[in-house]
Every structure is written in structure tokens, then in C-alpha cells.
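Summary of the model geometry
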Amino acid sequence: MKILHGFFAFFIMTTIGFSQSKPKESFIIENGVSEQLAQFRKKQISDVQYQLSFKIPNQKSESINSNLVLNATLSDLSQPLQLDFKEKTENIKAVQANGKNIAIVHENGHVVIASSALILGKNTISISFIAGNLSLNRNDDFLYTLLVPDRASTLFPCFDQPDLKATYKLSLSVPKDWSVLAGADVKEKLEKGDFTTYTFGESDKMSTYLFSFVAGKFKSVTQKPGLEMTMLYRENNEEKIKVSTDTIFNLHQQSLDFLEKYTNYKFPFQKLDFASIPVFQYGGMEHVGAIQYRESTLFLDNSATDSEKLNRAKLIAHETSHMWFGDLVTMKWFDDVWMKEVFANFMADKIMNPIFPKVNHNLQFFTAHYASAYAEDRSLGTHPIRQHLANLKDAGSLYGAMIYNKAPIMMRQLEASMGKDAFQKGIQKYIQKYANDNADWNNLVEILDAETPLDMKKWSEVWVNKFGRAIFSDKIEYDTKNRIKKFEIVQKAEDKSNNVWSQIFQVGLVYKDNVKVLTANIKDKSLILKEAIGLEKPLSIVYNYNGFGYGVFLLDGNNLNLISNLKDEVARASSYSNLYENTLIGNISPQKAFDCFFKGIQTEENELVLRIVSNNLNTIYWRFLTEKQQNKAQKQLEDILYSRLQVNLSANIKKTLFGLFSSIAYSDSAKAKLYQIWNKEIVIPNLKLNEDDYTNMAMNLAIFKHEKADEILEKTRTTISNPDKKKRFEFLLPSLSKEESVRNTFMESLKDDANREKESWVSVGLANVNHPLRQESAQKYIRFSLDLVEEIQRTGDIFFPKDWLDNTVGRYSSKFAFDEVQRFLKENPNFSPILKRKLFMATDLLYKAQNIKKETE
């Protein structure tokens, strides 16, 4: 069913050639870009070139006067030409078609050019307009475009769909002390008064969502580790700049080298430059020739842990991989947006192997993807990796853990089933065939199918087109000598459907002196593990021993203490994860799980595994323990964690343990210790802390109601050396206030979208207000937050609606919060299905908490 948000009927005489005409017809102008419109325009339009000029003033409050010259070849004049421009009509100043002034017709976000003003063949459309601000991310002394997935049309009139690739000729007039970066090199620089005009060369072909520019007060550095690259940045910490700069460039080059070899296709674009932006909404964005990154992820100092260094390297590898997967070969329609993200993540994981040879990359893959994938896939809001998209205006809803995390798990299973060589050969053919073009999942399946006996269509039907995960159980029989007589593994879909996930994983049979590892290749609802027949009865069985399998696996609740004794670090990580998932579905009590994780933080010495243990313990502590259980556990945690910080452990382990200690240090004794560390009265050996760590400590101390909270916050504010970070902290101060009325004012201020511009700041502020220790006073804003979410989706970037929900109602476990959600849904029966999914994802632990409480009562 197609929902029309408005229409405009055109009654026109269409002239073809010189004499042919068609009778009057009615055309519906829809809001957004429907699949039907996109398909028609793909046939109608070709050879697109945008010539764009933007005059950027000194003050961000002033309008940006702009001009577009659009060149395109048209092959069909049966309908008027629709350019997408989701701005106010008054922002359009003049329109010309083929050198003639025409009336401005702007309806439902489209500039409409009547067929009578067009010709078959080459056409030129000129539009004078004021650029839209929604996706310009204007700050006092810099701005940057972020146009994914359908935001190009909020900036300038265009054909905002991924399969109408175009080249761009850009001109930027900016204040003379500003720097610029875009998808092509600067060809001309002209200074005039207080402004400088930069004219760029013609870009490579790209989709509209990949067009970008950055302008502002940035510093610049150019290096040539192989390919010459330039970076714009605002970081002012000399240690971070010195420690990080060479590494940032080298990581880009190492990623390029790997990808050229793996794909057998040279780097496909004119250049690879990048900008480091302090308030950037995401980790990074793969704009052609001008990648954008969040600055805090790129610039690390000597206190950085191995995980932080690995995350930076993966981010760079991810965005560089997009040059081939997404930029060179682009999805036809945004229902396949997951393809570019799965390959970027999948390739990034591969790129890490030679860069970090000492890292267990199977463990790294597991820790990077599984928890996030499970968090959404077990919720009521889960959906398939590939989703249908009727209109591009809803494309932002497709993003999430299903495409960033479950899809790489799926792709790794596919590679294991096909074999690495066959898989790589198929990918090389895919890149070669669809370079500078568009492809969908079916196109890739067709190529891979030729490289493997695996029935790709059948295999992908469940993994790609269905949602959910398997719940595994077993049927084991022993003979009189305690040897295995029968070993059957059974899978059932968590959602009670008949779905079967064909997958490969290991099963570890744990004995006193060794572990016998078997491979399970389950292709149906059950599997007889023949290799196990005749083996002695093990002390314990560890399913998903190598972390390859996807689902909830049987867990021996009587042998949980054996987890910390497993020598294989992936087996420990997988077991701890499986323990957490079994707790959420009611197979293990929260107290029993907490006790196991509590033991883990006392013994675990692998940083990646410890992060799983620490995160799961923290969640169970705040979400699922009763107040009585919390009071007992808090003192134990405080003592054990502080004690472990004093012993000789690696800096990475200490940083992780300190993060957990800082998050639960709300007792008087713990607050005193945390304050002494913050005030540098106590120095813990080998615990490396930087300015950001001290800022976070100050925030925690304020939330924990330390008696000197005001003094702590003010001292922190005055000592932050980076001006961008100081602005962030000042924005957050009301959310940290001990005065409920000040926090209330902060929440009320978020009604104004101008106060939500820095979305990452808003998310932290919401988390501060809705911290478990403050929820009694904050819960009155649950309904407020729910009522605003549709507005959040309209004005925010793609991840913000989910972040908003995560940090408001998603922070709660109480019956009150649950009832508020139910009341909201009942009173809003027409609530957006897309946002409803996001709400169910964000409140999964809230729902789980109600079930767990019922089971423990």
C-alpha cells in the first residue's frame, strides 16, 4: 500500500521532437522519492553533471546563496522532470530550463520542470537558491556536509537516488582564513576582500549521498605513505598530534594496499583525503575523495589501550573499504544499503590481520559484532538484514546492528561455507563487473553461485531475508561405560518459526587435562555429531567454542565456574556472551550470572574478553539485580576492583577495570577514592589516564552527588584545553547539575531542534539525566521523550532516533517505565512502524526486566 503525503496534478501538452504531442495527463508528485519514481528516472535520465557554487558567509546565521547548473540527457518526456529539494519554496530564487526562465513549481519536496520546457537529449537546468541548513552542520567557524542517505536534497536540488551517479564541479566562497576539502582537487584559488573562492576540478562519478565538502578553521597536513593524502583537523593536543598523525596516514595506506590486492582492482578515485571533525555524528563517513571522521576516534595519546588503537584502525579500514564497496560499486536502491556496510566491516576485519599480528582476530571479530547483533535481533523490533524500502525518505530507518553487525557474521559464515578462495574470486568478479555502476544482492548471489556448489538462493533466504536467531539444545546419550552413544544438536527459531540457519561452529568437550574440539556443520533442524560417538563423557560441553555460530547455545548452569578456566580466549568470550544471552531468556538467574562475571573480573587478563565480562556485569548489576542484591554486590565490587587496580597488571586491563570501578563508585567510600584519583592525590601504578578520563570522572562524581560536585565541575571546565571539548562540557553541565530544576530545564530545552544539533552531545546529556541513580526524578520525562521521537526522526541524522530512545526510556528497567511505553503505544495506534521497531529495540532490556522479575518473584 502506498501512502501519499500530498500530490500535485500537472495538466500539460508534451511535445516530442517538433510536432508530436500527447493528450493531457495527470501526474502525482509524491513526498520523498518512491521506488516507482526512482525506477522511472533511472530510465529517463543519464549523463548527469552538477555544477554547484556556494557562498558561505562569516556568520552561521546568514543564508548561503547558491547556484546550480545541471546538465543531463533525457530520453523520455512522458512525465515532467522532478528534482528533489526538501526545502522551503522561498529558498528557490529562479529556475531556467535550456536558457529560458520558467515558473518556479515546488511541490512536496520537488522542483518540477514541465516537459514543454525540455527536449529529448541534452538539457541544462539552472537554479538559483539558498542552500538548506539541515545537513550543513554549521558551527561558528566550520561546517561540513553529511548527506546520507537522502539528505543531498536538503542542501541542493538534485536526483537524490543512488543509481543516478553524476560528476560534480564545485565552487566554494569562504572566509579567507578557512580551509576547504571536497571530492576533487582545487584547480583555482581567488582571493577577494575577506573571502576566498576555491574552484574544484570535475569529480569522479558518485551517488548524491557521497557528495561532500568541509570548510572552516582547520589545520592541514599532507603525507605520502604511498598515495599522497591530506588531512584537515582541529585537534590541539600536541601529544595526540605527535603520537597519532603518522599512524593515521599509514593505516589508510595499509588499508589501500590490502584492498587493491584482495579485489584485484586499483584504487578507483582521484584522491583519498580526509577531515577530522570534533562533533561528527558517526565514527566516519566514506565520501569520495574526502572521508570524514570523528576526531576523538582518530587522535589518541599514550594512554590509549590496545582496544582503542584497534578500533581506530578498524574505523579507517572500514571507511577505506567503502571506496570499493559502496563508492565504486553502489547499491541500486537503499534496501541493499547493508551490502556496502557488510563488506566495509568484513574487509576491515580482514585488514586488521597483518596490521595487528599479535591480536586474536577471531576474538576481535566476536567482540566487535556479536553483542550488538544479538541486542537487536532478540528484540521485538528485529528485522531481516535486507528490508523492503518503498520510499527513500525512510532510508534512514534501515541502519542499525542488523547491517553493521549481523551481516558480517552472515558473510563470515558464507565464506566458511564456500571456501575463502572461491569467495574472493567471486568478489573480484563482482567488483570488475559493476565498477562505477550499481548492483543489488541478487547480482552478487548470481556471481557467487557460479563459484560454489552451495545453493546460494536457499542459503541466503534465511540469513538475509528472515530475522531472528536459533536457540540450540542437545540430546546426548551415554552407554554403560560413560561413553557417548548419541550426540544430537537441535536448533529451533527463537520466534517459533520454521527458519533454519545453516552454519558452522565448534563444540568443545572439556576434560580434566584437555579439550576435544569438534566441528558442527548444521544444515537442518538437527545434526548428529558423528565425531563425538565413542568419546568419554566430558566434564562440560562448550558450544560455539570458536565463536563462529550465531544463536543462543545450551549452557551447563552447574559448571559456570569452569568458564574462567578455559584456556582458549575465544571460548571464554563466547561462553561469557552465551551466559548473558541465557540470562536474558530466563535460563540462568541474574544473581548466578553476576557471580560468574564477578569471578571473571578477578581472573581475566585478556582485554577484549574482560570488556565482555565487564559490560555484561555492569548491565546485570544496574538492570536485573534487586536493590538488596545491588547493595551487597556494590561493596564486593568496589573492594575487588580497587584491590585489582593495585596489583601488577597491564595498562589495558587496568583501564578496563578502572572504567568499571568508576561506573559503580557511588558509595561514600568509593566516591572518596574516585575523588582522590580525580584530584591526583592518588596515582595508581600503570593506570594511564588522559584529560577525557578526568572529565568522565568529574561527570560521574557529579551524578554520584559528591559533596564537592560544583567545585569539581567548575575546575574541570576551566582545565579543558581543547575549545571544542570545552563547548561540549559546557553544554553537558545542566544535565549534571545536582538541582533537579536545572536538569528539567535541560530536558525542556531539547524541544527546540536548535538545541539538538550536536547529537552526540545530546545523547550523553540524556544518559546523565536518566542515570539509574536519578531515574526517580527523571522518569516524568519518559513520555516527553516518546512524544518527541517523530520530531527527532524528522530533524535528526540516521542514528539519532535510536540513540534518543536508548538514552531515555531505554535506560530504564522499572514497571513504571514499562507501563509508560504500553500507554504510549495504546494512545498512538498509528505510531510509525519504523519508529516502533526502534522503540522495541531500545526497550528490549526493559521488557526482559519485567519477565525476569516475574520469574524471580
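Everything numeric here is computed off the predicted structure, so don't read it as measured data.

Within the protein chain, the secondary structure is distributed over 28 helices and 30 strands. For 857 residues, the compact-globule formula gives about 29 Å, and the C-alpha radius of gyration of the protein chain, at 28 Å, lands near that figure. Projected onto its principal axes, the C-alpha coordinates of the protein chain cover approximately 95 × 65 × 60 Å. The proportion of buried residues among the 857 residues of the protein chain is 60%. Summarising the internal contacts of the protein chain: among those between residues at least 6 apart in sequence, 72% fall at separations of at least 24. A total of about 34700 Å² of accessible surface is found on the protein chain, and carbon and sulfur atoms cover 48% of it. With 109 positive and 105 negative side-chain charges, the protein chain shows a separation of 2 Å between the mean positions of the two kinds.

Time to look at the sheet that holds strand E16 (residues 213-216). Read across the sheet, three strands follow the order E11-E16-E13 without closing on themselves; strand pairing throughout is antiparallel. Taken across any chain shown, the strands that pair with only one partner, and hence form the sheet edges, are strand E11 (142-144) and strand E13 (179-182). If you compare each strand with its neighbour and ignore which way they point, the axes differ by 5° on average. Relative to E16, E11 runs antiparallel, the two sharing three bridges. Across the sheet, the residue bridging to Tyr144 is Val214, located in E16.

Attention now moves to the nonpolar core. Tyr50, Phe54, Phe156 and Phe213 are the most contacted members of the largest nonpolar core, which totals 240 residues. Per-element accounting of this core gives the leading share, 11 residues, to helix H6 (residues 337-355). Beyond its immediate sequence surroundings of up to four residues, Phe156 is in contact with Tyr50, Leu52, Phe54, Asp84, Phe85, Phe129, Leu147, Tyr168 and Phe211. Counting 31 residues, the second largest nonpolar core, distinct from the first, contains Val769, Leu786, Phe800 and Leu825.

Another point: helix H15 (residues 627-646). For H15, built from 20 residues, the straight-helix expectation of 28 Å at 1.5 Å per residue is met to within 8% by its first-to-last C-alpha distance of 29 Å. Burial in H15 covers these residues: Gln630, Ala633, Gln634, Leu637, Glu638, Leu641, Tyr642, Arg644 and Leu645. Against the buried residues of H15 lie helix H13 (590-603), helix H14 (607-623), helix H16 (651-664) and helix H17 (668-678).

Quick look at empty space enclosed by the protein now. Counted according to the given criterion, the structure contains nine cavities of 30 Å³ or more. A volume near 140 Å³ is recorded for the largest cavity. Forming the walls of the largest cavity are 15 residues, and the residues nearest its centre are Ile541, Val542, Leu555, Ile563 and Ser575. Where the lining of the largest cavity is concerned, the elements lending two or more residues are strand E29 (540-543) and helix H12 (569-584). Here the element with the most residues in the lining of the largest cavity is E29; it accounts for four residues. Taken together, the residues that form the lining of the largest cavity break down as nine nonpolar, five polar and one charged. Each pocket or cavity is described by its volume, and for the second largest cavity that value is around 80 Å³. Gly32, Val33, Asp84, Lys86 and Ser153 are, among the 14 residues lining the second largest cavity, the residues nearest its centre. When grouped by side-chain class, the residues that make up the lining of the second largest cavity number two nonpolar, seven polar and five charged.

To continue, consider the packing of aromatic side chains. Tallied over the entire structure, the rule returns 54 aromatic pairs. An angle of 70° between the planes, with centres 5.7 Å apart, marks the rings of Phe346 and Phe423 as edge-to-face. Residue Phe346 is found in helix H6, and its partner Phe423 is found in helix H9 (residues 420-434); the two are separated by 77 residues along the sequence. There is no split in this pair, since Phe346 and Phe423 are both buried. Seen from their ring centres, Phe366 and Tyr370 are 4.4 Å apart, and the 20° between their planes marks the pair as stacked. With Phe366 and Tyr370 both in helix H7 (residues 361-377), this residue pair falls four residues apart, about one helical turn. Taking relative accessible area as the criterion, Phe366 reaches 3% and is therefore assigned buried. Owing to a relative accessible area of 0%, Tyr370 belongs among the buried residues under this scheme.

This next bit is on the sheet that holds strand E25 (residues 484-493). Pairing between the strands of a sheet comes from backbone hydrogen bonds, and it takes one of two forms, parallel or antiparallel. Reading across the sheet, the four strands line up as E28-E25-E24-E30 and stay open at both edges, with mixed pairing between neighbours. Single-partner strands in this sheet number two, and they are strand E28 (526-528) and strand E30 (551-552). Bridge analysis of strand E24 (residues 470-478) against E30 gives two bridges, and the strand direction is parallel. Its bridge partner lying in E30, Ala470 is registered against Gly551.

Before going further, it helps to spend a moment on the pairing of E25. Within E25, seven of the 10 residues are buried, which leaves the element mostly enclosed by the surrounding structure. Sheet topology note: the E24/E25 ladder contains nine bridges and is antiparallel. Its bridge partner being in E25, Glu477 is matched across the sheet by Lys486. Examined bridge by bridge, E25 and E28 share three bridges and lie antiparallel to one another. The residue bridging Val490 from the neighbouring strand is Ser526, located in E28.

Considering the arrangement of structural elements, one finds Phe280 in the loop between strand E19 (273-277) and strand E20 (284-285). In this structure, the C-alpha to C-alpha distance between Phe280 and Glu295, residues 15 residues apart in sequence, is 7.5 Å. Excluding its chain neighbours within four sequence positions, the residues that come into contact with Phe280 are Tyr144, Leu146, Met285, Gln292, Tyr293 and Arg294.

Helix-helix packing is described using two parameters, namely the angle between the two axes and the distance between the axes. Between H12 and H14, the least distance of the axes is 9 Å, while the angle of their chain directions is 15°. Relative to H14, H12 is oriented roughly parallel. Where H12 crosses over H14, the two elements pack in a sense that is left-handed. Across the interface between the two elements, Glu569, Arg572, Ala573, Tyr576, Ser577, Tyr580 and Thr583 from H12 touch Val609, Ile612, Val613, Asn616, Thr619 and Ile620 from H14. Each residue belonging to the contact of H12 with H14 can be placed in one class, and the counts come to seven nonpolar, four polar and two charged.

What follows covers the pattern of salt bridges. Here the structure, examined in full by the defined rule, presents 48 salt bridges. A salt bridge links Lys88 to Glu87, with the shortest nitrogen-to-oxygen separation between them at 3.8 Å. A relative accessible area of 18% means that Glu87 is categorised as buried. Across the salt bridge formed by Glu341 and Lys340, the nearest N and O atoms sit 2.6 Å from each other. Here Glu341 and Lys340 have matching classes, each one buried. It is possible to trace a salt-bridge network through shared partners that takes in Arg378, Arg469, Glu494, Glu581, Asp844 and Lys848.

Bringing the confidence of the model for the protein chain into the picture now. For the protein chain, mean pLDDT is 95; residues scoring 70 or higher make up 96% of the total. Note that residues 1-25 has pLDDT below 50 and, in this model, 51 contacts with residues that lie over four places away or in other chains.

Where helix H20 (residues 723-736) contacts helix H21 (residues 740-749), the axes come no closer than 7 Å and their chain directions differ by 125°. As summarised for this structure, H20 and H21 are arranged oblique, according to the angle between their axes. Residues Phe731, Pro734 and Ser735 of H20 form the contact with H21, whose participating residues are Val742, Arg743 and Phe746. Classifying every residue of the contact of H20 with H21 by side-chain character gives four nonpolar, one polar and one charged.

What counts and what doesn't
Residues numbered from 1 in each chain as written. Predicted model: local features only at pLDDT ≥ 70, side-chain atom pairs only at ≥ 80, totals over all residues. Heavy atoms only, no water. Helix = DSSP H or I, 4+ residues; strand = E, 2+ residues; numbered from the N terminus. Rg over C-alpha atoms; globule rule 2.2 N^0.38 Å. Buried < 20%, exposed > 50% of the residue type's maximum accessible area, 1.4 Å probe, protein only. Contact = heavy atoms within 4.5 Å. Areas by Shrake-Rupley, 256 points an atom, 1.4 Å probe, with all protein chains shown as cover. Lys, Arg positive; Asp, Glu negative; His and termini not counted. Charge placed at Lys NZ, Arg CZ, Asp CG, Glu CD. Pairing = 2+ DSSP bridges. Axes fitted to C-alpha atoms, helices over the stretch in contact; angles between N-to-C directions. Core = buried A, V, L, I, M, F, W, Y, C linked by side-chain atoms within 4.5 Å. Expected span 1.5 Å × (residues − 1). 1 Å grid on protein atoms, 1.4 Å probe; cavity = no way out; pocket = protein on both sides within 12 Å on 5 of 7 lines; lining within 4 Å. Points joined across faces, edges and corners; volume = space filled by probe spheres on them. Nonpolar A, V, L, I, M, F, W, Y, C, P; charged D, E, K, R; others polar. Phe/Tyr/Trp six-rings, centres within 6.5 Å; stacked < 30°, edge-to-face > 60°. Parallel < 35°, antiparallel > 145°, perpendicular 65-115°, else oblique. Left-handed = near helix turned anticlockwise from the far one by under 90°. Salt bridge = Lys/Arg side-chain N within 4 Å of Asp/Glu carboxyl O. pLDDT = per-residue confidence, 0-100.

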